Every structure is written in C-alpha cells, then in structure tokens.
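Structural description and commentary
The chain contents come next:
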Amino acid sequence: SSDTGVEKMNPMTIRIFDINRGSVTAQFLDMCMSSSSTAQGIFTRMNEVLQNNGITWKTCVGLGVDNTSVNMGCRNSIKTRVQEKNEAIYIMGCPCHIVHNTAGKAGDAFYKATGFNVDDMVVDLFYWFDKSTKRKASLQRYCDFCDTTYREIVKHVNTRWLSLERAVGRVLQQYSALKSYFQSEEDSNPRFQRLQKLFVDPMTEVYLFFYHAALQTFVHFNQFLQREDPIISLVAQQIQSFLLKLVGKFLSAVVIRAAKSDIPTIAYADASNQLSDGEIFIGMATGMCLNKLQEEGDVSQEQCNKFFKGVRAFYVKSVEYALKNLPVADEVLANAKFINVMSRTEATLSQVDYFVRRYNDLLPFSSPQEHDKLSEEFTDYQLLNDNEVPESVWKSAVVQDDESCTFYRMDMIWHYLSNLKAVDGKNRFSRISRVVKLVLVIPHSNAEEERIFSMVRKNKTAFRPNLDPKGTLSSILTIKLGSHQPAHVFEPPKSMLKKAKTATWDYNKLHAKK
C-alpha cells in the first residue's frame, strides 16, 4: 500500500473453496497494519494475523504477491520466509505485472532504435490539456473543423496496466485535430514545444498506429489473467499462446514449426529467421498510413528503415523479457491442466499425482490402497459424459460466451461433480475432487489483491482521511468481498433490518446524552 500514515496498510485476503456457494471466493481477512516495510516486518505481521485467526502455514497452498524484491527476492523476502514455514506453498508472483513490464521493455527498445517515446508523448498530451479549460475549448474547435468528435485525453500512468493502449487509441481518434492544433498554435512552454515537434514529424502517426496494433496481444493476455474466476488450469496454455503470437509477428512460420513451437530454442534474434519488412506484422492501419506517406513523398526510405529496425527491436525484446520472467516451464501450471473438464481426455494421472506428492499433508492419497481408488476415480472422470452434468449447471458456470469460444467456471462444475453419487450411494469423485478444490484456490495472478487497493483508495479519500483502517474501512472491505451479488439486487432479511434499526436507535440515544 502507498498509505502515508504512521503504519502502512497491507490488506490480506484469503481464497477458499466455499462449499455453500459452490465456488472459489476471496474473503478479506485483515488490514495487516505494519510500521515496517521490510520483509521481516511484513511477514511477522502476516504470521500474527494467521495465528490470530487459527490458520497455520501447513494449511496454506499458495500465496499471491506482486514481483517486488521484498516479496519475491531469492534470499531475504516474504517468499523465503513463507517457504521456511511450508516449502510446498506455491508462490508465482504476478504475471499481470510481467506482461505489463514486457510491453514496457519492448517500448524502451523501440525508443532506442527510433527515438520515439510513446509514454512521454501521451503523458505530455494529458498534462498539456489537463486543468486548462481554454486549451480544451481550443482543441474542441479544431475537432469541429476536422469533423472529429472531441474526447478527453486519457491519462496514462506507467504503473497502471493497460492504460497505454487506451491512451494511444484516444490520441489516434482525434489525431488530425491534435496535429492541426499543435501546428497552428504557438507557445514557448517546453512541453508544447516537444509535442509540436512530434506532430510535425509525419512518422509520429505511423509509430502510434504500430503501438496500437502491437499492444493488443499484451492487452488481451493481461485481461485474461485478471479474470476473477479460477483459471490456473488454463494459464500454461495461455502463456504458450501469448509467446506464439509474439514470435509469429516477426518470425518465419517455417522456423517456428521446425522448433515444434518450443520457443526458448528458437534463435529469434537472428535476422535470417525473421520476416522481411513487407511481411513483418505492423498492423493494417500502420501499413496503409506508411504507404500513403511514402507515395506522397513525406517520408524517406531511411525513415522507413529506422521504423522497421524499431519494430524488430520491439518484438525481440518482448520475447526475450517474456521468456526470462514468465513461468514458461512451471510445474504447477503444467500439471494443473487436468482440472479442466473440457479437456479431461488429454489429462494424465501423473498430473494428479504431482499435487498429491506436493501437498501430501492435505491430500492423504499416497498409500497404495488410496492411490488405486484415486486412479479409478480419475479414469471414471475421463470417461464422464457431458450430459451427466445438468444443463442448468453448465449455464450457471458460463463466464464468457461469444461466437468463437465459451468458457466455464471449473469450480462450479467441480462443485457439482464432488456431490455426484455413484450407484452405491457414495460420492463418485470424493478423492479427485479434493485434489481439484485444492488446486483451484491457488492464485493465478495478483489481480484480486490489486482490486483491494482500488477499493481502499475509493473509500479512504481526501474527504474521509480519518477512516479507521482497522475498523470501518476493514468492515467495508469485508462486506464488499463477502457479497456475491451486486448491491442493487441485495435484499437484506428482516432480522438484519431489525438489528440495524436497533443499533441505530442505541447509537443516537447514546450520542444524545453527550
């Protein structure tokens, strides 16, 4: 947390498989206030919170944190201290941050090759028009002149996921008006001078079109990782798909196929393996804009060559950073695939065994007798017919349904399977469902925790600076995370209303005496 009080807020949440709701849920546990920012100080407070709530490290299966050194360092961090308590706990860090940083590192490589810094441009644009009604009104007149709808410039924050793509898109929507504005107006302000120089350069629009096209791959993957439903069974497949999309934009398909899609073995930086300037992916709008400028003689071949050099640097750096930092060969992610009911025939018993061995204290299926029964359940699971799960369960588990693909919440499907009875009346998947529920609560990213920080900022504002983090603020977060339906459809029971009225009466009566 970035709280500036005497103590810092480090909100702690827990992920559980809620058998009452039949799904994985995140619940607020404690604000975890600490005056120390060191790994030892934060961990000590975490340990105290767990002990106060009767939770042991032996019952924890995963930990979701971001990728700072105090959290994920290999020597002196929260990660090392947690693994001293229980080495089986899975700590991956946050792939959302990694994907965001991958795009940032690629942008740095593009800047070194071309001299164009997209972050500086969109930040300068926002602050030039921000808080100036006169400048906004002037830009609106240019929009009217260019027959363009006026829109507010989007604020880009370097640490905020996905904001760059939105900011670039907004600039392109009114590029002609912005170009006319900066070429027609005069001002000695250094920020204005920088922007005017950019809009005079015809290649600026090409650069922006390229960024808007290239960032889509990062945006879609990051949005996938931010999903609230448990998707750990899909992460390994999506990482592979993300990397294939990246290399497919600038490498020959022959080279990729020859490596059998084993991306770490591909010499992606070798120019002989890369596509020509005419074939490399820059986006259709980028290509049309560049061709038009070339036909009109507004850009030279040297400028084009510099642009394509930047494109190659962008892709090479993105693949290099992603391979180095994403959990490409992670065993937990690779073995978690078996819980995906839609691809159960491709699963193997060894994937189930991996988690039984890793969490043997929580999954007592290591004995020959128990393992044989687990093996039978696994075979029964693979032979399961889709129509054995009622249509109502499938419909309730739908997360995203469009023309191309339908996703299902595996926790809801497995909640039904865990209660499915065999002919003899016993639970049909009693053992394997325990393994699955354990795997489902392992966090696949840190997005849930980032949403907690947003809730804190929205509730503890400049108008409510004294909101007690340990009292009212914690209660608000507990209610928000504990509710499984929107506020506008929530109907409190009469007993709750009666207690609320009684509490209000007692409160008013007490304060009236003062």
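Overview of the overall build of the protein
- When its secondary structure is counted, the protein shows 23 helices and six strands.
- Principal-axis analysis of the C-alpha atoms places the extent of the protein at approximately 80 × 80 × 50 Å.
- Here the analysis covers contacts within the protein between residues at least 6 apart in sequence; of these, 68% occur between residues at least 24 apart.
- With the model as given, the accessible surface of the protein reaches about 27,200 Å², and the carbon-plus-sulfur share is 50%.

Examining the nonpolar core
- Core analysis: the biggest nonpolar cluster contains 125 residues, and Leu125, Phe182, Phe210, Phe307, Phe338, Phe355 and Ile432 have the highest contact counts within it.
- It is helix α10 (residues 203–225) that contributes the most residues to this core, twelve residues altogether.
- Aside from chain neighbours lying at most four places away, what touches Ile432 is Phe338, Val352, Leu374, Glu377, Phe378, Tyr381 and Trp414.

What about the pairing of strand β1 (residues 12–18)?
- In terms of burial, β1 is a largely internal element, five of the seven residues being buried.
- For β1 and strand β2 (residues 23–30), the ladder comprises seven bridges, and the chain directions are antiparallel. Within the sheet, the bridge partner assigned to Arg15 lies in β2 and is Ala26.
- The antiparallel hairpin formed by β1 and β2 contains four residues in its connecting segment, where Gly22 sits at a positive phi of about 75°.

Brief notes about a positive patch on the surface
- Together, Lys155, Arg160, Arg166, Arg457, Lys458 and Lys480 give the surface a local cluster of positive charge.
- In this structure, Arg160 sits in the loop between α6 (133–145) and α7 (163–173).

Notes on the confidence of the model for the protein
- Of all residues in the protein, 98% attain a pLDDT of 70 or more, and the chain-wide mean is 92.
- Here strand β5 (residues 398–401) stands out as the element of the protein with the lowest mean pLDDT, 76, in contrast to helix α16 (residues 349–358), whose mean of 97 is the highest.

Some details on the pattern of salt bridges
- By the definition in use, this model includes 19 salt bridges.
- Taking the shortest distance from any N to any O, the salt bridge between Asp386 and Arg344 comes out at 2.8 Å. You can see Asp386 sitting in the loop between α17 (368–382) and α18 (391–397) and its partner Arg344 sitting in the loop between α15 (331–335) and α16, a full 42 residues away along the chain.
- The exposure class assigned to Asp386 is partly exposed, which follows from its relative accessible area of 41%.
- Where Glu377 meets Arg431, a salt bridge forms, and the shortest distance between an N and an O atom there is 3.2 Å. With Glu377 in helix α17 and Arg431 in helix α20 (residues 430–440), this pair connects stretches of sequence that are 54 residues apart. As far as the burial class goes, Glu377 and Arg431 line up, both buried.
- Via salt bridges that share partners, Asp30, Arg45 and Glu48 belong to a single interconnected network.

Considering the packing of α17 against α20
- Running from amino to carboxyl end, α17 crosses α20 at an angle of 85°, the nearest separation of the two axes being 7 Å. Looking at the two axes, α17 sits roughly perpendicular to α20. Contacts between α17 and α20 pair Glu370, Lys373, Leu374, Glu377, Phe378 and Tyr381 from the former with Ser430, Arg431 and Ile432 from the latter.

Points about the side chain of Ser163
- If you trace the backbone, Ser163 turns up in helix α7.
- Of note is the side chain of Ser163, whose polar atom sits 2.8 Å from the side chain of His156.
- Within the local environment of Ser163, its side chain forms a polar contact with the backbone oxygen of Val157, the two atoms lying 3.2 Å apart.

Examining helix α11 (residues 232–248)
- Given a rise of 1.5 Å per residue, 17 residues ought to cover 24 Å, and the 25 Å separating the end C-alpha atoms of α11 matches this to within 8%.
- Residues of α11 that are buried: Ile232, Ser233, Leu234, Val235, Ala236, Ile239, Phe242, Leu243, Leu246 and Val247.

Concerning the packing of aromatic side chains
- The tally for this structure, following the rule as stated, stands at 34 aromatic pairs.
- Pairing Phe338 with Phe355 gives two aromatic rings, centres 6.2 Å apart and planes at 45°, and the pair type is tilted. Within this pair, whereas Phe338 is found in the loop between α15 and α16, its partner Phe355 is found in helix α16, the two being separated by 17 residues in sequence.
- The exposure class of Phe338 is buried, given its relative accessible area of 0%.
- Residue classification places Phe355 among the buried positions, given a relative accessible area of 0%.
- Judged by centre distance (4.9 Å) and plane angle (45°), the ring pair of Tyr381 and Trp414 falls under tilted. Here Tyr381, found in helix α17, pairs with Trp414, found in helix α19 (residues 410–418); they are 33 residues apart in sequence, far enough to count as distant.
- Here Tyr381 falls in the buried class, since its relative accessible area comes to 0%.

Details of the environment of Val154
- On the secondary structure map, Val154 appears in the loop between α6 and α7.
- Taking the relative accessible area as the measure of exposure, Val154 reaches 9% and is therefore buried.
- Sequence-wise, Val154 and Val171 are 17 residues apart; in three dimensions their C-alpha atoms are separated by 8.3 Å.

Digging into the packing of helix α4 (residues 95–114) against α10
- The contact between α4 and α10 brings their axes to 9 Å, and the two run at 165°. Accordingly, the angle class assigned to the pair α4 and α10 is roughly antiparallel. Once α4 is placed against α10, the crossing between them reads as right-handed. Taking contact as the criterion, the partners of Pro95, Cys96, Val99, His100, Thr102, Ala103, Gly107, Phe110 and Thr114 in α4 are, on α10, Tyr207, Phe210, Tyr211, Leu215, Phe218, Phe221, Asn222 and Leu225.
- Residues of the contact of α4 with α10, tallied by class, amount to twelve nonpolar, five polar and no charged.

A few points about unusual backbone geometry
- A positive phi angle is found at Cys32, which is not glycine, with a value near 50°.
- Residue Cys32 is classed as buried on the basis of its relative accessible area of 2%.
- Phi is positive for Lys131, close to 65°, though the residue is something other than glycine.
- In this structure, Lys131 sits in the loop between α5 (118–129) and α6.
- Assessed through its relative accessible area of 77%, Lys131 is described here as exposed.

Definitions and cut-offs
Residues numbered from 1 in each chain as written. Predicted model: local features only at pLDDT ≥ 70, side-chain atom pairs only at ≥ 80, totals over all residues. Heavy atoms only, no water. Helix = DSSP H or I, 4+ residues; strand = E, 2+ residues; numbered from the N terminus. Contact = heavy atoms within 4.5 Å. Areas by Shrake-Rupley, 256 points an atom, 1.4 Å probe, with all protein chains shown as cover. Core = buried A, V, L, I, M, F, W, Y, C linked by side-chain atoms within 4.5 Å. Buried < 20%, exposed > 50% of the residue type's maximum accessible area, 1.4 Å probe, protein only. Pairing = 2+ DSSP bridges. Patch = residues over 30% accessible without salt bridge, like charges linked within 9 Å, V, L, I, M, F, W, Y side chains within 5 Å. Salt bridge = Lys/Arg side-chain N within 4 Å of Asp/Glu carboxyl O. Lys, Arg positive; Asp, Glu negative; His and termini not counted. Charge placed at Lys NZ, Arg CZ, Asp CG, Glu CD. pLDDT = per-residue confidence, 0-100. Axes fitted to C-alpha atoms, helices over the stretch in contact; angles between N-to-C directions. Parallel < 35°, antiparallel > 145°, perpendicular 65-115°, else oblique. Polar contact = N/O pair within 3.5 Å; in protein donor to acceptor, adjacent residues only side chain to side chain. Expected span 1.5 Å × (residues − 1). Phe/Tyr/Trp six-rings, centres within 6.5 Å; stacked < 30°, edge-to-face > 60°. Left-handed = near helix turned anticlockwise from the far one by under 90°. Nonpolar A, V, L, I, M, F, W, Y, C, P; charged D, E, K, R; others polar.

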